[in-house]
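Structural description and commentary
Listed here are the chains, written in short residue letters.
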Amino acid sequence: MDTDYDVIVLGTGLTECILSGLLSVDGKKVLHMDRNDYYGAESASLNLTQFYNKFRPGQKAPENLGRDRDWNIDLIPKFMMANGEIVRFLTHTDVTRYLEFKQIAGSYVYSGGRVSKVPANAAEALSSPLMGIFEKRRMKNFLVWAEAYKDNDPATHQGLDIDRNTVTEVYKKFGLSTGTQEFIGHAMALHLDDSYLDQTARDTIEKVRLYAASVLRYGKSPYIYPLYGLGDLPQAFARLSAVYGGTYMLNTDAKELVYNDQGQVTGVKANGETVNAKMVICDPSYAPLNVKKVGSVVRAICLLTHPIPSTNDSDSCQIVIPQSQVGRKHDIYIACVSDAHMVCAKGYYLAIVSTIVETSNPQEEIKEGLKLLGPIQDVFVHESPLEVPIEDGKQDNVYISRSYDATSHFETVCDDVHDMWRRITGEPLVLKKRENEEDVNATA
């Protein structure tokens, strides 16, 4: 094995694989290692045997679940916003050639004790059961304004400045009720909690516009999802890295980071030898002394034999349960996919319920989400730490990603990639548009 590299990347999670691919394209000599014998690390998709080995060691999967290869179960379920940043990463790096996508059939919100479709445009707002007739008109006016707002055209502002006015002030201007504010903020803008209300409105307005534009792109919902599960995403970026000379080693545990007298990383000890590198990029599990825990996420992976009730018999959907609807500080997310996405055997559905842990009894915190699923065949609950790097990495050249949060979309993962790229290179990540760039092709 070659022992000198520009960059060593530890862990094949999506964040690490995107950075590995981008740095390889940038001409860096990259070595990528993972202690597991599969790609994806925390964001892997596991077959039935791998899944049972992880959650119920020593127990065999029931025979009625079918063949190993029929299952690709996501450990961290996330959907891709059709017009979102993750799609830009995919198209600009051309890794779409390794992947196929399918639309997610619907986006829903839990409000007033029932599950309702999230209105994504003015026409849907007018037919939504979430609002009365006058509120529908106010919601429509808000969406039309958000879509039409142009920085350099005061005629579109209606007396508001999204860089100065807070979100609360914008909502007040349009007379929106608390319930309407809730699903704009949580089910369209996808904020994690209500702290966004006191911030200036630009970020929220851009997120609402992204949601609406993503719906327009394919119809039905703003989300798409790769066939065969999310584990194919890190693999696609790994292939990109390999095309540009990157080296991958699975089943290789990096036991120790090696430092010089100045406290800067110089390499990694693995398989009894030291490999040298100018920098190390890794997930929090490879540098436990360099991260701090800021919370936990609880996830319940549920096997169903039916679509989730009240979702129009959808083969897939997202449901957001806003915090206030169930007396919590954080939203609960439900992501559902099925055999239509090549992730489970015929006739099965996978529903994953997740939220940020707030008490000493995490399983109790997701019960409101589990209630919406109908009869559950089996459930696998696990809790994961939410960890963030203590330092920015510039001092010791060890750059650490953040843990995956409870959200069921990739926007926060992309924020982390942009942040790490800025820390690593000192420059913003600019995704250069290539000639003949192909769009993501998502089947209905």
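About the thresholds
- Sequence order sets the numbering: in each chain, residues are counted from 1 along the sequence as written.
- Only residues with pLDDT of 70 or above have their local features reported here, since the model is predicted, and side-chain atom pairs are shown and tallied only from 80 upward, although totals for entire chains, interfaces and linings are computed over all residues.
- Side-chain calculation: all heavy atoms of the structure are included, whereas hydrogens and water are not.
- The helix count covers DSSP runs of H or I at least four residues long, the strand count covers runs of E at least two residues long, and both are numbered beginning at the N terminus.
- Radius of gyration: over C-alpha atoms. The globule rule applied is 2.2 Å multiplied by the number of residues raised to the 0.38 power.
- The contact rule is simple, with two residues in contact once any of their heavy atoms fall within 4.5 Å.
- Methods summary: accessible areas were calculated by the Shrake-Rupley approach with a probe of 1.4 Å, and residue burial reflects only the protein chains presented.
- Asp and Glu count as negative and Lys and Arg as positive, but His and the ends of the chain are not part of the count.
- For this purpose, a charge sits on NZ of Lys, CZ of Arg, CG of Asp or CD of Glu.
- At least two bridges found by DSSP between two strands are what make those strands a pair.
- Only the contacting stretch of a helix is used when fitting its axis, a line to C-alpha atoms as for every element, and angles between N-to-C directions run 0 to 180 degrees.
- Bear in mind that the domain bounds are from an automatic or database domain assignment.
- The term buried area refers to how much accessible surface (probe radius 1.4 Å) is lost by two components on association, counted for both of them together.
- What makes a salt bridge here is a side-chain nitrogen of Lys or Arg within 4 Å of a carboxyl oxygen of Asp or Glu, nothing more.
- Convention used here: angles under 35 degrees read as roughly parallel, angles over 145 as roughly antiparallel, angles from 65 to 115 as roughly perpendicular, and any remaining angle as oblique.
- Crossing chirality is assigned from the near helix's rotation relative to the far helix, an anticlockwise turn below a right angle marking it left-handed and a clockwise turn marking it right-handed.
- For this classification, the nonpolar set comprises Ala, Val, Leu, Ile, Met, Phe, Trp, Tyr, Cys and Pro, the charged set comprises Asp, Glu, Lys and Arg, and every other residue, Gly included, is treated as polar.
- For every residue, the accessible area obtained with a 1.4 Å probe (protein chains only) is divided by the maximum for its type, and the residue is called buried under 20%, exposed over 50%, and partly exposed between those limits.
- Here the arc refers to the directions that run from the helix axis out to each C-beta atom.
- Here a Phe, Tyr or Trp ring, Trp counted by its six-membered ring, pairs with any other such ring whose centre lies within 6.5 Å, and the pair is stacked when the planes are under 30 degrees apart, edge-to-face when over 60, and tilted otherwise.
- To sit over a ring, a charge needs its Lys NZ or Arg CZ within 6 Å of the ring centre and within 35 degrees of the ring normal.

As for the overall build of the chain
Helices and strands together make up the secondary structure of the chain, namely 12 helices and 20 strands. Scaling as 2.2 N^0.38, a compact globule of 444 residues should have a C-alpha radius of gyration of about 22 Å, and the chain matches this with 22 Å. Put simply, 71% of the contacts in the chain that link residues at least 6 apart link residues at least 24 apart. A total accessible area of about 19000 Å² is found for the chain, and carbon and sulfur atoms account for 47% of it. Charge separation in the chain, taken as the distance between the mean sites of 46 positive and 59 negative side-chain charges, equals 4 Å.

Describing the sheet that holds strand 18 (residues 378-389)
Pairing is mixed in the open sheet, where seven strands are placed in the order 8-7-15-16-17-14-18. The two strands at the open ends of the sheet, each matched to only one other strand, are strand 8 (114-117) and strand 18. With strand direction ignored, the average angle separating the axes of adjacent strands in the sheet is 25°. Here four bridges tie strand 7 (residues 107-111) to strand 8, and the two strands are oriented antiparallel to one another. Along strand 8, the bridge assignment pairs Ser111 with Arg114. Packing against the sheet, helix 2 (residues 48-55) makes contact with strand 14 (291-304) and strand 18, and its axis sits at approximately 75° to strand 18.

Considering the domain arrangement of the chain
Assigned domains within the chain: domain 1 (4-47 + 230-292 + 387-425), domain 2 (58-74 + 90-105 + 295-386) and domain 3 (118-218). On a C-alpha basis, the centroid separation for the pair domain 1 and domain 2 is 26 Å. Roughly 1800 Å² of surface becomes buried between domain 1 and domain 2 when both sides are summed, with 60% attributable to carbon and sulfur atoms. If you sort the residues of domain 1 by the area they bury against domain 2, Asn47, Ala406 and Ser408 come out on top, with a joint share of 28%. Linking domain 1 to domain 2 there are zero salt bridges. Per-element accounting of the side of domain 1 that touches domain 2 gives the leading share, seven residues, to helix 9 (residues 232-243).

Considerations on the packing of helix 1 (residues 14-25) against helix 12 (residues 411-425)
For any two helices packed against each other, the geometry comes down to the angle between their axes and how far apart the axes lie. Taken N-terminus to C-terminus, the directions of helix 1 and helix 12 make an angle of 45°; their axes are 10 Å apart at the nearest point. It follows from the interaxial angle that helix 1 and helix 12 lie oblique. Like other packed secondary-structure pairs, helix 1 and helix 12 cross with a definite hand, here right-handed. Contacts from Leu14, Thr15, Ile18, Leu19, Leu22 and Leu23 of helix 1 reach helix 12 at Val413, Asp416, Val417, Met420 and Trp421.

Brief notes about the packing of helix 7 (residues 178-188) against helix 8 (residues 202-218)
Look at helix 7 against helix 8: their axes get within 9 Å of each other, and the N-to-C directions meet at 70°. The orientation of helix 7 relative to helix 8 falls into the category roughly perpendicular. Contacts between helix 7 and helix 8 involve Ile184, Ala187 and Met188 from the former and Lys207, Val208 and Tyr211 from the latter. Counted by class, the contact of helix 7 with helix 8 contains five nonpolar, no polar and one charged residues.

Thoughts on helix 6 (residues 167-174)
Every α-helical turn comprises 3.6 residues, leaving residues that sit three or four positions apart pointing alike. Taken as a whole, helix 6 has its buried residues at Val167, Val170, Tyr171 and Phe174. Summarising the axial view, the buried residues of helix 6 lie within an arc of 100°, below the 170-degree limit, and thus occupy one face. Check the buried side of helix 6 and you find it contacts helix 5 (133-148), helix 7 and helix 8. Gly175 sits one or two positions beyond helix 6 and adopts a positive phi of about 65°.

Focus: the packing of aromatic side chains
The description of an aromatic ring pair uses the distance of the two centres, along with the angle that the planes make with each other. Taken as a whole and judged by the stated rule, the model has 14 aromatic pairs. The interplanar angle of 65° and the centroid separation of 4.6 Å between the aromatic rings of Phe51 and Phe380 together place this pair among those described as edge-to-face. Linking Phe51 in helix 2 with Phe380 in strand 18, this pair joins segments that are 329 residues apart in sequence. One exposure class covers both Phe51 and Phe380, and it is buried. Here the aromatic cluster, defined as three or more aromatic residues joined through ring pairs, consists of Phe142, Trp145, Tyr149, Tyr171 and Phe174. When the ring centre of Tyr5 is taken as reference, the NZ or CZ atom of Lys29 above it lies at 5.0 Å.

What about the pattern of salt bridges?
Opposite charge on two side chains allows them to pair when their charged atoms are near. All chains considered together, the criterion is met by 19 salt bridges. The residue Glu85 makes a salt bridge to Arg88 at a minimum N-O spacing of 2.9 Å. Of the two residues, Glu85 and Arg88 both sit in helix 3 (residues 85-93), three residues apart, roughly one turn of that helix. A single salt-bridge network, built from bridges that share partners, covers Asp151, Asp163, Arg202 and Glu206.

Looking at the side chain of Thr166
One can find Thr166 in the loop between helix 5 and helix 6. Those residues in contact with Thr166 that sit more than four places away from it in its chain are Leu197, Asp198, Gln199, Thr200 and Ala201.

A short note on the environment of Val343
Its location among the elements puts Val343 in the loop between strand 16 (332-338) and strand 17 (349-356). Put simply, Val343 and Tyr228 are 115 residues apart on the chain and 5.3 Å apart in space, counted from C-alpha to C-alpha. With sequence-adjacent residues up to four places away left out, Val343 is seen in contact with Asp70, Trp71, Asn72, Ile73, Tyr225, Tyr228, Gly229, Val337, Ser338 and Leu350.

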